[in-house]
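# Observations on the three-dimensional arrangement
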Amino acid sequence: MAAALERHETGQSELERVHGVSFIRLRELNEPVCLEMLSYWKAKRGDRHMPSPDDLKPAEFARIMPYLLLLQVDHDPFDLTYRLFGEQVAISFGVNSGGRRVLDAYPDNPTLSRELFRFYSYIASERRPFAAAGTMLGAGDRIMRTEGVYMPLSYDGERTDRILGCSMKYDDTRPGFLDDDPLSP
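Let me sum up the structure you'll find in this document. All figures in this text were calculated on a predicted structure; none of them were measured in a lab.

### Considerations on the side chain of Thr81
For Thr81, the position within the fold is in strand β3 (residues 79–85). Every residue in contact with Thr81, bar those within four places of it in the chain, is listed here: Leu70, Leu71, Gln72, Asp74, Gly99, Arg100, Arg101 and Val102.

Put into C-alpha cells, the structure is as follows:
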C-alpha cells in the first residue's frame, strides 16, 4: 500500500499533472453536497476513528446517491473494487465502473486507473477523510471542474474496509450539464 502518492520531478503526481486534481484541506471544501456527506460521516463516526459501513443508512442520503462511489478495500492481497458507482459519477467518466477493480476500471486510460488506485490506497492507509479538487478530463474529452471528499469506513475501527466518496463535477463548456443541485427540493 502506498505510504504517500509518488511525485514526479515537478512535485506533482500523475493525477495532478494530467488531470489537475490535487488534495485540498477539508476546510477548503465548498461543494454543499460534499460538505453534507462529510458531516454525515463525522456524525456516524462519533468518537471512533472511522464509522463502520454498517452505520450508513442509504435512505438518509438517497438524493445524493448519484454523486457517490463506494470502494471495497481488500487485504491479503491489497486490492480496491468499486461497489457503488453513482449515475452522475458514471456520466462524468463515460463508464459505469461499478463491480470493477480500480486497476481495471478504465481500460481506455490505464494511467487514470493506476493513479486512482494510488489515490485511494493512500486514503485507505491514512484512515482519515481527504478532499480533492481541480480540473479533470472527463468523457468525450470534456474539461470538468471537480470537488470531492473521500472517507474511510472500518468494521473493526482500525483497518479501512471501504471508502465512501462524494464527487461533484461541472462541465464549463455546457452550462447546466452535471450542474444540477441534488439538495434542492
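Here the narrative resumes, following the displayed structure.
### With respect to the nonpolar core
Residues Leu71, Tyr82, Val102, Tyr106, Tyr120 and Ile163 are the most contacted members of the largest nonpolar core, which totals 27 residues. Of all the elements in the fold, those that place two or more residues in this core are β2 (68–74), β3, α3 (87–93), α4 (110–126), β4 (130–137) and β5 (143–153). Considering each element in turn, this core owes the most residues, eight residues, to α4. Each residue touching Tyr106, except ones within four places of it in the same chain, is listed here: Tyr82, Phe85, Phe93, Val95, Ser97, Leu112, Ser113 and Leu116. If you look at the next biggest cluster of nonpolar residues, it comprises 22 residues, including Leu29, Tyr67, Leu68 and Leu164.

### Side note on the pattern of salt bridges
What the rule picks out here adds up to eight salt bridges. In this structure, the salt-bridge partner of Arg101 is Asp104, at a minimum N-O distance of 2.8 Å. Take Asp104: its relative accessible area is 40%, and that puts it in the partly exposed class. Asp161 is the salt-bridge partner of Arg159, the closest N and O atoms lying 3.7 Å from each other. Taking relative accessible area as the criterion, Arg159 reaches 41% and is therefore assigned partly exposed. What you see here is one network of salt bridges that share partners, running through Asp79, Arg101 and Asp104.

Conventions adopted
Residues numbered from 1 in each chain as written. Predicted model: local features only at pLDDT ≥ 70, side-chain atom pairs only at ≥ 80, totals over all residues. Heavy atoms only, no water. Helix = DSSP H or I, 4+ residues; strand = E, 2+ residues; numbered from the N terminus. Contact = heavy atoms within 4.5 Å. Core = buried A, V, L, I, M, F, W, Y, C linked by side-chain atoms within 4.5 Å. Buried < 20%, exposed > 50% of the residue type's maximum accessible area, 1.4 Å probe, protein only. Salt bridge = Lys/Arg side-chain N within 4 Å of Asp/Glu carboxyl O.

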